[in-house]
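These are the residues of each chain, in order.
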Amino acid sequence: MSKLTGTIASVNMTTNLILQRPSTTVVLAMSTDGKIADVKRSPARFASEADQAHLERQVALADGVLFGAGTLRAYGTTMSVSTPQLLEQRQQQGKPSQPVQIVCSASAKIDPELRFFRQSVPRWLLTTTTGAEYWQKQAKETFFERILVSNATVGVINWTEALQQLATLGLKRVAVLGGGTLVAALLASDLIDEFWLTVCPLVLGGTSAPTPVEGSGFLEHQARRLQLLSAQTVGQEVFLHYRLQPR
Ligand SMILES: NC(=O)c1ccc[n+]([C@@H]2O[C@H](COP(=O)([O-])OP(=O)(O)OC[C@H]3O[C@@H](n4cnc5c(N)ncnc54)[C@H](OP(=O)(O)O)[C@@H]3O)[C@@H](O)[C@H]2O)c1
């Protein structure tokens, strides 16, 4: 179980400002050869019921669930909390029954017909100025309770600022549910604290099949090092829990 419970405070060495952000935990299932989906980028349905329960537990611990538009386009839905014990646990902790589901998309080109928009969950969109304008023109306001805008350069989200916005809105703990493009962007900005990876017993292969971390990659000497917190075998799957080591 993660020890991270509150917002993370760090000092920006350039400005000396204290930055607050939620703690972040990536939760992904992958094949034994390290793929999170097949070459067609199909929704990953290869994990067991035990992994689904693990994912739901991680979602239930979070104030917000963050995922990329690619993941939403692949699945069409999101993981909500439905197990009575987990709903009760959230109630006892004074949390709303569902964490807020935050979709990140620079373009905001998201199909409003997706079943996600009929799920009984709070939804926020994290996007750029262009994306916000696009979405507001073509979709109903009610689809997202809140639209957060954060630009770095044109068409790219400023993740440090975006996570600060989430902290300001009261989110202390965020579960990052993929995909690899989003995880790479957060990792490149040093904004990931923990990884949960479930190794599943199948081989997907394929040079272009997605992996937990996409982007342009890190040279070995620059790669972030992890500390293994736990490794648990359940049936044919291995649940690995890592914390990022400080640089
Ligand atoms: N096995 C698992 O546990 C698991 C979990 C999740 C996903 N997956 C798989 O992963 C695949 C999807 O992953 P993916 O890497 O293609 O997509 P992704 O990371 O889910 O989403 C990528 C999209 O998110 C937005 N985005 C991400 N980073 C951004 C940034 N820094 N700035 C602005 N926008 C950003 C962009 O949206 P716009 O294009 O709209 O601008 C981008 O195209 C699917 O095949 C899915 O099945 C597997």
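Within any chain, residue numbers begin from 1 and follow the written order of that chain's sequence. Residue-level local features of this predicted model are given only where pLDDT is at least 70; pairs of side-chain atoms are given and counted only at 80 or more, and the full residue set underlies all totals for whole chains, interfaces and linings. The basis for the side-chain values is all heavy atoms of the structure; hydrogens and waters are excluded.

Enquirer: Any chance you could explain helix α4 (residues 129–138) here in plain terms?
Expert: An α-helical turn contains 3.6 residues, so any two residues separated by three or four positions project in the same direction. Among the residues of α4, Gly 131, Ala 132 and Trp 135 are the ones counted as buried. Seen along its axis, α4 keeps its buried residues to an arc of 100°; they face one direction. Away from its buried face, by an angle of more than 90 degrees, α4 presents the exposed residues Thr 130 and Lys 137. Exposure classes here rest on a 1.4 Å probe applied to the protein chains alone. A residue is buried below 20% of its type maximum, exposed above 50%, and partly exposed in between. Note on conventions: DSSP H or I runs of at least 4 residues are helices, E runs of at least 2 residues are strands, and numbering of each starts at the N terminus. Directions drawn from the helix axis to the C-beta atoms are what define this arc.

Enquirer: Which parts of the structure should I look at to understand the pattern of salt bridges?
Expert: One speaks of a salt bridge when a side-chain nitrogen belonging to Lys or Arg is within 4 Å of a carboxyl oxygen belonging to Asp or Glu. Counted by the stated rule, this structure contains five salt bridges. Between Lys 95 and Asp 63 there is a salt bridge; the shortest N-O distance is 3.7 Å. Within this pair, whereas Lys 95 is found in the loop between α3 (84–92) and β5 (100–104), its partner Asp 63 is found in the loop between α1 (49–61) and β4 (64–68), the two being separated by 32 residues in sequence. Residue Lys 95 is classed as partly exposed on the basis of its relative accessible area, which comes to 22%. For Arg 224, the salt bridge identified is with Asp 190, shortest N-O distance 2.4 Å. On the criterion of sequence distance, the pair formed by Arg 224 in the loop between β9 (194–200) and β10 (226–234) and Asp 190 in the loop between α6 (180–188) and β9 is long-range, its members being 34 residues apart.

Enquirer: Help me understand the site of the ligand in this model?
Expert: Think of it this way: one heavy atom of a residue within 4 Å of a molecule or strand is enough to make that residue near it. Neighbouring the ligand are 28 residues; Arg 41, Thr 71, Arg 73, Ser 105 and Thr 181 lie closest to it. Take Gly 68: an N or O atom from its main chain is 3.5 Å from an oxygen atom of the ligand. Pairs of N or O atoms within 3.5 Å make up the polar contacts considered here, provided that, within protein, one atom can donate a hydrogen while the other can accept it, and that residues adjacent in sequence are counted only when both atoms are side-chain atoms. Here an oxygen atom of the ligand and a backbone polar atom of Gly 179 are 2.8 Å apart. Accessible areas in this description were obtained via Shrake-Rupley with a 1.4 Å probe; residue shielding takes into account the shown protein chains only. Contact with the protein chains hides 86% of the accessible area of the ligand, taken as 920 Å² for the molecule alone.

Enquirer: I keep staring at the environment of Gln 58 and nothing clicks. Help me out?
Expert: With respect to the helices and strands, Gln 58 occurs in helix α1. Between the C-alpha atom of Gln 58 and that of Val 27, which follows or precedes it by 31 residues, the distance is 7.7 Å. Sequence-distant contacts of Gln 58, that is, excluding residues within four places in its chain, are made with Thr 25, Val 27, Arg 173, Ala 175 and Trp 196. We call two residues contacting when some pair of their heavy atoms lies within 4.5 Å.

Enquirer: Which parts of the structure should I look at to understand the environment of Gly 179?
Expert: Secondary-structure assignment places Gly 179 in the loop between β8 (173–176) and α6. Classification of Gly 179 as buried rests on a relative accessible area of 14%. Remark: the alpha-carbon pair of Gly 179 and Gly 70, spanning 109 residues in sequence, is separated by 7.0 Å. Non-local contacts of Gly 179, meaning those with residues more than four positions away in its chain, are made with Ile 36, Gly 68 and Thr 71.

Enquirer: Before we go on, may I ask you to explain empty space enclosed by the protein in this structure?
Expert: Cavities and pockets are defined on a 1 Å grid built over the protein atoms alone: a cavity is a set of grid points where a 1.4 Å probe fits but cannot escape, while a pocket is an open set with protein on both sides within 12 Å along at least five of seven lines, and lining residues are those with an atom within 4 Å of any such point. Grid points are joined across faces, edges and corners, and a volume is the space filled by probe spheres set on the points. According to the stated counting rule, one finds one cavity of 30 Å³ or more in the structure shown. In this structure, the largest cavity occupies an estimated 40 Å³ of space. Around the largest cavity, the lining residues are Thr 25, Val 27, Gln 58, Arg 173, Val 174 and Ala 175. Those elements that provide at least two residues to the lining of the largest cavity are β3 (23–31) and β8. It is β8 that contributes the most residues to the lining of the largest cavity, three residues altogether.

Enquirer: Mind showing me how you'd approach the confidence of the model for the protein here?
Expert: Low-pLDDT portions of the prediction should not be read for the details of their coordinates. With 91% of its residues at a pLDDT of 70 or more, the protein shows a mean pLDDT of 92. What pLDDT expresses is the predictor's confidence in each residue, scored from 0 to 100. Note that pLDDT drops below 50 for residues 1–5; the model gives that stretch 12 contacts with residues more than four away or on any other chain.

Enquirer: What is the right way to look at the nonpolar core in this model?
Expert: In globular proteins that are soluble, nonpolar side chains generally tend to be buried together. Here, nonpolar core refers to any group of buried Ala, Val, Leu, Ile, Met, Phe, Trp, Tyr and Cys residues whose side-chain atoms link them within 4.5 Å. Among the nonpolar cores identified, the biggest contains 31 residues, and Leu 66, Ile 102, Leu 126, Trp 159, Leu 166, Leu 186 and Phe 195 are the most heavily contacted of them. Within the residue set of this core, elements represented by two or more residues are β3, β5, β6 (123–127), α5 (159–168), β8, α6, β9 and β11 (237–244). In this structure, Ala 69, Met 79, Phe 116 and Phe 143 belong to the second largest nonpolar core, which totals 27 residues.

Enquirer: Help me understand the pairing of β8, please; the structure alone is not making it clear to me.
Expert: Working note: regular strand, side chains alternate between the two faces of the sheet. Burial of the side chains of β8 extends over both faces: Arg 173 and Ala 175 are buried on one face and Val 174 and Val 176 on the other. Paired strands, in this sense, are two strands between which DSSP finds at least two bridges. Relative to β8, β3 is paired through four bridges, and the arrangement is parallel. Within β8, the residue paired with Val 26 across the bridge is Val 176.

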